[in-house]
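Coordinate analysis (summary)
One letter stands for each residue in the lines below.
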Amino acid sequence: MIVEIGHFALILSLFVAALQGTLPMVGAHRQNQSLMAIAAPAALIQFALIVGAFAALTYAFVTSDFSVMNVASNSHTAKPMLYKISGVWGNHEGSMLLWALILAAYGAAIAAFGNNLRPSLKVRVLGVQSLIATGVLAFILLTSNPFLRLDPAPVNGNGLNPLLQDPGLAFHPPLLYLGYVGLSITFSFAVAALIEGRVDAAWARWVRPWTLAAWCFLTAGIVLGSWWAYYELGWGGWWFWDPVENASFMPWLAATALLHSAIVSEKRDSLKSWTIFLAIIAFGLSLLGTFLVRSGVITSVHAFASDPTRGVFILLLLVITIGGAFALFAWRGPQLKGSGLFQPVSREGGLLLNNFLLTVAAASVLLGTLYPLFIDVLELGKVSVGAPYFESVFVPMMIPMIMVMGIAPFLKWKRGDFSSASAKLKFAALATIIGGLLTWALIDRASAFAAFGIALAIWLFAATLTELAGRIKLFQVPLADSLSRLFRQPRASWGMTLAHGGLAIAIAGITASSAWKVESIQVMKFGDQVNVAGYTYTLKSVNEFQGPNYKGTRGTFIVTKGDDFKLTLEPEKRVYTVRAMPTTEAAIHPTFLGDLYAVVGDKDEKSGGYITRLYFNPLVPWMWVGAMIMVLGAAVSLSDRRHRVGAPMKSKLVSGGAPAE
Amino acid sequence: MMKRKHRRLSFVALGILVLAAAAALILTAFEDNIVFFHSPTEIVEKFAKHELRPEQRLRIGGLVEEGSVSKTADGATTRFKVTDLNKSVVVEFRGLLPDLFREGQGIVAEGHYNNAIFTAREVLAKHDETYMPPEVAEALKKSGQWKPAEKKK
């Protein structure tokens, strides 16, 4: 019964969304107050209905109602409760419902908190948001209905894909979706602004926090996914340039660019049509990501069995949404003239250059990801574009970007002065050169490339610290004054310092882990010793054990280094009983300089030993820590009063330094 | 102070410069890093006709032949046959195979083919046990052995 109520609520929400997407838009066009008044309550009702539908599906999963087809194919009574709940979105139908839920939640947030938005803009934003929702809800009900019943109901379910039975992956999809779908809000704002033909500072002030929130979730989601791949797939790698990883990375690049161009639009009344363009692109790439993952058109480790009609539907949705937005952009975009002029050497100039580099980088990733698809459609053969392509294209584009990231914060708005910026950066430059040379000279196997990567990380880190030091006037005023200035820094500035500093730390981790990884694969019998990067691994035992819903094999390694370092690593192999599907659980011990990483494999029948794979992954923990700091930076910045969801009347407080011209 | 027209021109020039550099990067990277997929039959035939060379990086896909999986003397290298049910190719891979690797399973391997042995750098099997890589389905279709899989729901 509850399932039917959920199903009914979902159908109802489609009609509410369709109404909300049309009537208020007509109302806004004709200045009809009563039609416009529908938008906000409709957004709240739509959200409540989808919450109801989602709750009903969750109820079916928690109570293991196997008369629901979706539950039967993705759940099992023997599954721990956490995975019964995460199983709700661990499948295609449920994950699309989560998508719709988040979409409606963002719409409801605008409806509830957007009181100080210009009424016509608010109504149009809600209208556009709801048009997207109409498409997504129709998609769910027509091709991927999670509420279909199964008669007769099976005694037990198929279980969830064991790879997804992991705490990291339980929260990866919701975070990623909060990011993906969060970009729908900026998209709706962009389209609404195009319809109105008006983009002002108030508009940009609204767009910034939403982009920031989406970026924060997207970053966290991508990092969580990468971390999961690192410890669960047992390959010792954390990024494979797999099409589905790229699908989440492209919107991230676009959102990063958007985040920065929105600053220019807000503070300098400039780059307006570029910001609108990026908002459309960013959400377009999110939809494309959904399409790539959900249609199975591309060979990927993430590709799950899927249904072509769904792919066609999402593609259609993508074409209508993005095609429509671009048509509108072509028609109305030229009217959006900014007033803020600037010289090439200025903070705007630096931000624009990096925006451009990020966008071109996203385009190159897009090209590499879709190329096999084009070739296939043109029947020129089956090809794949591997990691080497992405590394040799993407990395060189990031080098100038990181260099500029160090300098741009030192340039003034409108017209910057290169020589005064470089004078302030002389210590950072010195540290960079010394650090790079030391790396090259002192570390074995240090290629010039690796030394350069470390130097870049030092450059960004030192420049970020120098910028902070300049803001608090360190060594120019008494230390106590500097300290009190430090605590009075606006949170948005802290956001930048943290995000840029975090990236610097992550770059060091990325460089070191790709340049100095030590890998050793061998067959080991009990008592055998292997030396990896100075650590001695001894295989002590391999035992079988019984988990809640799987059978496991656990290897025990004793790792020693010198006299005072000793620890035990226990990697596992699990075979999940319901699907008879094995998974690997790598054992990882993080240290300051890198991860000790061990995987145990199958028994070699001839020798009686086990295949083992041992790694030393240098500075990998830095990467996770750096990424966490970036997410933290976004969160801190988001908590800044001036970002508090669109507060135009507080603007007096804000823009002291940079009044809109 | 630059004139407005000059300023715009310098932005455009910078933009074109970035785009040109990116295009050059992409083209060189494409040339070196695109890997073509071949079915086992194609590999056997094209190497016989010298249409493919040993130094070319290739992808091969098909089913792991039943009963063909064995370990070589060092214990860490797995040898198995990949088949499209018409011809089969011997593949060697050193390291831990993906969890879903097993006999009868569709896999894709990337590496080099030399002296009748395909030395794989990478072996991909999938997250989902009912999933058939499109390349493998393609290889089976080409060899006429494709039976549309029973739909598992």
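Residues numbered from 1 in each chain as written. Chains lettered and ligands numbered in written order. Predicted model: local features only at pLDDT ≥ 70, side-chain atom pairs only at ≥ 80, totals over all residues.

**Structural notes on the overall build of chain B**
Rules: A helix here means a DSSP run of H or I that spans at least four residues, while a strand means a run of E at least two residues long, and both kinds are numbered starting from the N terminus. Note on contacts: residues are paired as contacts if their backbone-placed C-beta atoms lie within 7 Å.
Of regular secondary structure, chain B possesses three helices and seven strands. Of the regular secondary structure in chain B, the N- to C-terminal order runs α-β-α-β-β-β-β-β-β-α. For chain B, the proportion of contacts with a sequence separation of at least 24, taken over those separated by at least 6, is 56%.

**Observations regarding the overall build of chain A**
What counts is decided by this rule: What the globule rule says is 2.2 Å times the number of residues to the power 0.38, and the radius of gyration is computed from C-alpha atoms. For every residue, the other C-beta atoms within 10 Å of its own C-beta are counted; 20 or more classify it as buried, 12 or fewer as exposed, and values in between as partly exposed. C-beta atoms are placed from the backbone.
When helices and strands are counted, chain A shows 21 helices and 11 strands. Relative to a compact globule of 661 residues, whose C-alpha radius of gyration would be 26 Å, chain A shows 27 Å and is just as compact. Projecting the C-alpha coordinates of chain A onto the three principal axes gives extents of approximately 80 × 75 × 55 Å. Split into buried and exposed, the 661 residues of chain A put 54% on the buried side. Counted over contacts in chain A with a minimum sequence separation of 6, partners at least 24 positions apart contribute 74%.

**A short note on the packing of helix α13 (residues 347-377) of chain A against helix α14 (residues 387-407) of chain A**
Residues and elements named next belong to chain A. Convention followed: Note on geometry: axes are lines fitted to C-alpha atoms, helical ones only across the stretch in contact, with angles between N-to-C directions running from 0 to 180 degrees. Roughly parallel here means an angle under 35 degrees, roughly antiparallel means over 145, roughly perpendicular means 65 to 115, and every remaining angle is called oblique. Residue classes follow a fixed rule: Ala, Val, Leu, Ile, Met, Phe, Trp, Tyr, Cys and Pro count as nonpolar, while Asp, Glu, Lys and Arg count as charged, and any other residue, Gly among them, counts as polar.
For the pair α13 and α14, the least separation of the axes is 10 Å and the interaxial angle reads 170°. Viewed along their axes, α13 and α14 adopt a mutual orientation that is roughly antiparallel. The residues of α14 that touch α13, namely those facing G350, L353, N354, L357, L358, V360, A361, S364, V365 and G368, are Y389, F390, V393, F394, M397, M398, P400, M401, V404, M405 and I407. Along the lines of polarity and charge, the residues of the contact of α13 with α14 split into 17 nonpolar, four polar and no charged.

**Notes on the pairing of strand β3 (residues 529-532) of chain A**
To be explicit about the condition: Criterion used throughout: strands pair if DSSP finds at least two bridges between them.
Sheet analysis places β3(A) next to strand β4 (residues 535-546) of chain A, joined by four bridges and oriented antiparallel. Bridge pairing in β4(A) links A:N531 to A:T536.

**Quick word on the nonpolar core**
For the record, the criterion: Defined on buried residues, the nonpolar core groups Ala, Val, Leu, Ile, Met, Phe, Trp, Tyr and Cys residues joined through C-beta atoms within 7 Å.
The biggest cluster of nonpolar side chains holds 218 residues, and the ones touching the most others in it are A:A100, A:A254, A:A279 and A:L460. The greatest single-element share of this core, amounting to 22 residues, is contributed by helix α9 (residues 201-232) of chain A. Non-local contacts of A:L460, meaning those with residues more than four positions away in its chain, are made with A:I402, A:M405, A:G406, A:H500, A:L503, A:A504 and A:I507. Residues B:V82, B:L100, B:A125 and B:L140 belong to the second largest nonpolar core, which totals 22 residues.

**A look at unusual backbone geometry**
Residues and elements named next belong to chain A. In this structure, P152 follows D151 across a cis peptide bond, with omega equal to 0°. Mapping P152 onto the fold places it in the loop between α7 (119-143) and α8 (167-196). Here the phi dihedral of W241 falls at roughly 50°; this positive angle occurs in a residue that is not glycine. Position of W241 relative to the elements: it lies in the loop between α9 and α10 (243-268).

**Here we look at the domain arrangement of chain A**
All names here are of chain A. Which entries qualify depends on this criterion: Annotation comment: domain bounds sourced from an automatic or database domain assignment.
Per the domain assignment, the segments making up chain A are domain 1 (1-165), domain 2 (169-413), domain 3 (414-516 + 622-631) and domain 4 (518-619). The C-alpha-based centres of domain 1 and domain 2 are spaced at 25 Å. Each side of the interface is counted separately: domain 1 has 26 residues, and domain 2 has 26 residues. Listing elements by their share of the side of domain 1 that touches domain 2, those giving two or more residues are α5 (81-86), α6 (92-113) and α7. Here the element with the most residues in the side of domain 1 that touches domain 2 is α7; it accounts for 10 residues.

**Re the packing of α6(A) against α7(A)**
Residue and element names in this part refer to chain A. The criterion, for reference: With the far helix as reference, a near helix turned anticlockwise by less than a right angle produces a left-handed crossing, and one turned clockwise produces a right-handed crossing.
Between α6 and α7, the least distance of the axes is 10 Å, while the angle of their chain directions is 165°. For the element pair α6 / α7, the angle class is roughly antiparallel. As α6 runs across α7, the sense of the crossing is left-handed. Contacts between α6 and α7 involve M96, L97, W99, A100, L103, A104, Y106, G107, I110 and A111 from the former and K122, V125, L126, Q129, S130, I132, A133, V136, L137, F139 and I140 from the latter. Residues of the contact of α6 with α7, tallied by class, amount to 17 nonpolar, three polar and one charged.

**Notes on the environment of A:G94**
Residues and elements named next belong to chain A. Among the secondary structure elements, G94 is positioned in helix α6. Overall, G94 belongs to the buried group, with 24 C-beta atoms counted inside 10 Å. Separated by 522 residues in sequence, G94 and F616 have C-alpha atoms that sit 39 Å apart.

**A short note on the environment of A:M524**
Residue and element names in this part refer to chain A. Within the secondary structure layout, M524 lies in strand β2 (residues 518-524). Each C-alpha atom, one on M524 and one on S639, is 53 Å from the other, the two residues being 115 residues apart in sequence. Among residues more than four places away in sequence, those in contact with M524 are V530, L539, G609, Y610 and T612.

**A short note on helix α17 (residues 448-471) of chain A**
What counts, and what does not: A helix is expected to reach a length of 1.5 Å times the quantity of its residues less one.
For α17(A), spanning 24 residues, the distance from its first C-alpha to its last is 34 Å, which sits close to the expected 34 Å at 1.5 Å a residue. One or two steps after α17(A), the chain reaches A:K473, where phi turns positive at roughly 55°.

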